[in-house]
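Secondary and tertiary structure notes
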Amino acid sequence: MKRLHPAIARCEGLSTFGLPIGLGVFILVAWQVIVRRAAVPQVILPAPTDILLSFDGILGVLAHHAWASGSESFVAFILAAILGATVAILLSMSKLVYEAIYPHMVLFQLIPKIALAPLFTFWLGIAAPSRLTYATFISFFPVALAMMTGLARADANALRLCRAVGANHWQTFFAVQIPYSLPYFFSGLKIAATMAVIGIVVGEFISAKEGLGYYILYAGSRGETAHIFAAMIVLCAIGLLLYGVTVMAERIMQAWWRG
Amino acid sequence: MASNFSEPVKHLARVLRGTPTFGRRVVLPALVAAVILLAWEYGVGLAHLPLMIIAPPSAVWDVIANNPGILMQQSLPTIEEAVLGFGLAASLGIILGTSLVLSGSLQKAFYPYILVLQLIPKVALAPLFIIWLGVGLPSRLWFAVFMAFFPVVISTMTGLMSADRNAVRLCEALTASRWQVFYSVRIPYALPHIFAGLKISATMAMIGVVVGEFVTAQEGLGYLIMFATSAAETPLVFAAIALLCVIGLALYGSVALAEIIVQKRLGVSITTSEF
């Protein structure tokens, strides 16, 4: 990589960070001014300051619902990660099993599994277990599928080399296939992180007495649009936190594997 | 007894090994599907599970065969929302992605936001669309567009930026204009990315439509599922889910088909690795 002149480098940095921040500020200010000038009713679109102020009375309620949604999303995500990796490893043990099951996994990935949400409440009731199972169910497929793809794509030359130097099946598996599959596993995990939150929120839409999805629906029915936005901000924070944790875990894993 | 059982299995394995592509890729998964359907059908009966908890495939088929009218009536709005929603999201996404890439600095300003919007649970905004657009079709349609829009924008931007630098430089050296470079280099390089984005977008549009129908509860297969669940009519729930799967797979299939046609036209075979 060519080294840039310091002044140009500063300019580059300014445009990669300055431009997005500038745009963000511009949008917020425009939003505020337009809502105030056009006297848009709060129910339709509250101004950014209205949203900020609306946090004031509902902080406790919001924290309660955020904990419900956040902890459930996290547990579902971890369960999906463990189950996805385990199932992928088990199915990849035999080529016959892999080829028999793989197309079905792809099919399951493509169908609108969201439609199954009401069935889970029907089977498991309206409490947390049904939402947890549903969120685990929909975030399981990206992990399992990505891991299966990764295990199948391990470098053929590396596998042959291992066999040539007399490594047994297990040694090859742990020394070659698992490391090769890790990047795929993590890209599956990143999709699962968003799917877990989607699963919990949709579960809360359908039937719940707590959680941010329930709260958003409740605020919507009362026309408290500012509260919808406030809850949405918290929900985004949860989603990004889960995604951030995955990215961090990926970095740590990469550093550890190289060392 | 054991050898009797293992003999056909061994024979099957030999047959499958003999015809690697067709046998393994088509027959084997089809066999698994058949076994699962049979086990489902007879397992439900043997375990004496009530029809209300889980419906066997034959009961689901009965519902579809006996109520084509009501299922068709609820399918039409769902199909309309899914097709229109996906179409709008695809065209708007490609237009926005392309104009952002063409405009240099706007791209830098927007990119982080589009990336973040891709990651956040947008599904939670469904009630907002009801407030803005009511409980009718427009609100479900625009919610589906909102859900399906971002993958297309991101993939269009990534694709247009992924053009081989050497190819671009070669064209410029041959005094190709900016538009010529765009048409003959950037777009062909972008197409596999755009199609990968469109495939994600097709599934997201379905999520948007179904969640929209859950929340507005007016019409469509999503509404039918909610209604049938509350009435404990499980076979009807399964029938509606089966139809939704058909619609979702048809939408995805047409994108995949369009990709193959475009690749044939351009004379390139680029495989996108998606899972």
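Residues numbered from 1 in each chain as written. Chains lettered and ligands numbered in written order. Predicted model: local features only at pLDDT ≥ 70, side-chain atom pairs only at ≥ 80, totals over all residues. Heavy atoms only, no water.

A separate point is the overall build of chain B. Helix and strand counts for chain B come out as 11 helices and 0 strands. Secondary structure elements in chain B, listed N-terminal to C-terminal, are α-α-α-α-α-α-α-α-α-α-α. Put simply, chain B has 275 residues, and 44% of those count as buried. In chain B, 72% of the contacts between residues at least 6 apart in sequence involve partners at least 24 apart. Here chain B has roughly 13900 Å² of accessible surface; of this, 71% comes from carbon and sulfur atoms. (Helix = DSSP H or I, 4+ residues; strand = E, 2+ residues; numbered from the N terminus. Buried < 20%, exposed > 50% of the residue type's maximum accessible area, 1.4 Å probe, protein only. Contact = heavy atoms within 4.5 Å. Areas by Shrake-Rupley, 256 points an atom, 1.4 Å probe, with all protein chains shown as cover.)

Moving on: the environment of E213 of chain B. Residue and element names in this part refer to chain B. In this structure, E213 sits in helix α9 (residues 178-216). Looking at E213, the relative accessible area reads 0%, which means it is buried. Leave out the neighbours within four places in its chain, and E213 touches P77, T78, E81, R140, E219, G220, L221, G222 and Y223. Of note is the side chain of E213, whose polar atom sits 3.3 Å from the backbone nitrogen of L221. (Polar contact = N/O pair within 3.5 Å; in protein donor to acceptor, adjacent residues only side chain to side chain.)

Let us look at the domain arrangement of chain B. The domain boundaries assigned to chain B delineate domain 1 (6-46) and domain 2 (57-266). Distance between the C-alpha centres of domain 1 of chain B and domain 2 of chain B: 34 Å. (Domains from an automatic or database assignment.)

This part is about the interface of chain B and chain A. Taken residue by residue, the interface counts 50 residues in chain B and 58 residues in chain A. Between chain B and chain A, a total of about 4700 Å² is buried, with carbon and sulfur atoms accounting for 84% of that surface. Linking chain B to chain A there are 0 salt bridges. In this structure, the connection of chain B to chain A is made through 5 residue pairs in polar contact (both at pLDDT 80 or more). Going through the elements one at a time, α2 (20-46), α5 (105-119), α6 (126-133), α9, α10 (221-230) and α11 (234-266) of chain B are the ones with two or more residues in the side of chain B that touches chain A. Taken together, the residues that form the side of chain B that touches chain A break down as 40 nonpolar, 7 polar and 3 charged. (Buried area = accessible area lost by both parts, 1.4 Å probe. Salt bridge = Lys/Arg side-chain N within 4 Å of Asp/Glu carboxyl O. Nonpolar A, V, L, I, M, F, W, Y, C, P; charged D, E, K, R; others polar.)

Positive phi values are uncommon outside glycine, yet A39 of chain A reaches one of about 50°. Tracing the sequence through the fold places A39 of chain A in the loop between α1 (6-37) and α2 (48-92). Phi angles above zero are rare outside glycine, and A232 of chain B is one such case at about 60°. You can see A232 of chain B is positioned in the loop between α10 and α11. The class of A232 of chain B is partly exposed, set by a relative accessible area of 25%.

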